[in-house]
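Chain by chain, the residues:
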Amino acid sequence: MNTNQVMGSTNFSKAIRIGVLGFGGLGQAAAKVLAPKREMILVAAADNKGYAYATEGLNAQDCIATYQSQGSVGYLEPFGTLSNRSIQELLESNQPVDGYFLALPNLPNDFIPTVVKQFINSGWRGVLVDAIKRTSAVEQLIALKEELQAAGITYMTGCGATPGLLTAAAAIAAQSYAEIHRVEITFGVGIANWEAYRATIREDIAHMPGYNVETARAMTDAEVEALLDKTNGVLTLENMEHADDVMLELAGICSRDRVTVGGVVDTRNPKKPLSTNVKVTGRTFEGKISTHTFTLGDETSMAANVCGPAFGYLKAGINLYQRGIHGIFTAAEIMPQFVK
Ligand SMILES: NC(=O)c1ccc[n+]([C@@H]2O[C@H](COP(=O)([O-])OP(=O)(O)OC[C@H]3O[C@@H](n4cnc5c(N)ncnc54)[C@H](O)[C@@H]3O)[C@@H](O)[C@H]2O)c1
């Protein structure tokens, strides 16, 4: 694949080969998002019990059906392998993959940085993209910048919905202002049942008063259900530790204390409990104080708002990679590209 094929989005002679790590709610949605694309092809998928690889592409529906009926894509015939070190084995298999979407739980809070170190040590080169959420997790990844550069990996972090799409929207909205006073992100998520997005819900619980990443991770399914029973399935989250703050600070837009993130997650109704939006308030060069608001359509799901940007950023990352630019970039400093 040469640079022109990657940059001129119309004339790919070869699709970008994609691996999806983690095949839960977001991983399966990612496979469905990719299925109709021409510029990207799903060649690898991994979960905590196995992985599947097919050079010519995996069928998303087959992978999903296998995962849902047997608990792992490792059972997929004839492409699957069962393993409790699936990511490491996939890397050791040396199968060609151009970019990976890390749709993994970040439980504990250094899990994804640990996986990234496996990539660095493996000698694999290409593009990695995550939809990680916590400030402290993004900071751990940023600390790997030089190692990523030396390894020839282009890493795109915070590239889901928030952080991700909304952080990028805030970066664009900021352009009208001479000074940014406030960035307020409010998200509404509606899902039919919490089991479809176990890691997302556990990580959300970790933001509630009295909980942290470790206590939420240690909760049994019955304890999660008991908590959700008490709240009628609704989680209300305020002043979350969300990496939108460090990403906007690193992009030079405003200091992190001006960024707030909160939201409402309904785990028993796919209808969004409120419209997801980001409000960017600032002062223009004329001295006017104004607020831009970017609101997502209520019909777009969390999965659509995470997986679309993740692959758009992966495509932007491929562009950087092909130009020899490695290291780590955030959703606030690079804009995603549209994947056809
Ligand atoms: N940035 C955003 O806007 C945003 C929004 C939603 C979710 N997320 C993040 O996406 C991530 C995934 O969430 P989800 O709800 O889809 O998770 P999930 O619980 O539904 O699925 C997790 C998957 O990871 C696999 N897995 C776990 N440990 C593994 C290991 N060691 N090796 C290989 N696979 C492993 C599991 O088998 C499972 O398939 C979470 O970290 C969540 O915070 C981000």
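Everything numeric here is computed off the predicted structure, so don't read it as measured data. (Residues numbered from 1 in each chain as written. Predicted model: local features only at pLDDT ≥ 70, side-chain atom pairs only at ≥ 80, totals over all residues. Heavy atoms only, no water.)

Visitor: Even after reading the chapter, I still don't get the UniProt feature "active site" (unreviewed entry) in the protein, so can you show me in this structure?
Guide: UniProt annotation of "active site" (unreviewed entry) refers to K133, E203 and H207 when read in the numbering used here. The annotated residues occupy 75 residues of the chain but converge on a single region, no pair of C-alpha atoms lying more than 11.2 Å apart. The annotated residues contributing to the lining of the largest cavity are K133 and E203. Note on placement: K133 falls in the loop between β6 (126-130) and α6 (135-142). On the basis of relative accessible area, K133 is assigned to the buried category, the value being 17%. If we skip the residues at most four places from it in the chain, K133 touches T162, P163, T200, E203, D204, E241, H242 and A243. (UniProt positions renumbered as here; feature names shortened; annotations may be inferred. 1 Å grid on protein atoms, 1.4 Å probe; cavity = no way out; pocket = protein on both sides within 12 Å on 5 of 7 lines; lining within 4 Å. Helix = DSSP H or I, 4+ residues; strand = E, 2+ residues; numbered from the N terminus. Buried < 20%, exposed > 50% of the residue type's maximum accessible area, 1.4 Å probe, protein only. Contact = heavy atoms within 4.5 Å.)

Visitor: Would you mind showing me how to read the packing of helix α2 (residues 25-34) against helix α13 (residues 302-322) here?
Guide: To characterise two packed helices, one gives the angle between the axes of the helices and the distance between these axes. At their nearest, the axes of α2 and α13 sit 9 Å apart, and the two run at 65° to each other. In the packing of α2 onto α13, the handedness of the crossing is right-handed. Residues L26, A29, A30, V33 and L34 of α2 lie in contact with α13, whose contacting residues are A303, V306, C307 and F311. When the residues that make up the contact of α2 with α13 are grouped by side-chain class, the tally is nine nonpolar, no polar and no charged. (Axes fitted to C-alpha atoms, helices over the stretch in contact; angles between N-to-C directions. Left-handed = near helix turned anticlockwise from the far one by under 90°. Nonpolar A, V, L, I, M, F, W, Y, C, P; charged D, E, K, R; others polar.)

Visitor: How should the state of the cysteines be read in this particular structure?
Guide: Such a bond, covalent and formed between the sulfur atoms of two cysteines, is termed a disulfide. The full count for this structure, using the stated rule, is zero disulfides. Here C159 stays unpaired: no disulfide links it, and the sulfur of C307, its closest cysteine neighbor, is 12 Å away. Among the residues examined, C307 registers a relative accessible area of 0% and is labelled buried. (Disulfide = S-S within 2.5 Å.)

Visitor: Explain the pattern of salt bridges here, please?
Guide: A side chain of one charge can pair with a side chain of the opposite charge if their charged atoms are brought near each other. Tallying each qualifying case throughout the model produces 14 salt bridges. Note that E92 is salt-bridged to R85, the shortest N-O span being 3.2 Å. A relative accessible area of 39% means that R85 is categorised as partly exposed. Put simply, R85, E89 and E92 are held in one network by salt bridges that share partners. (Salt bridge = Lys/Arg side-chain N within 4 Å of Asp/Glu carboxyl O.)

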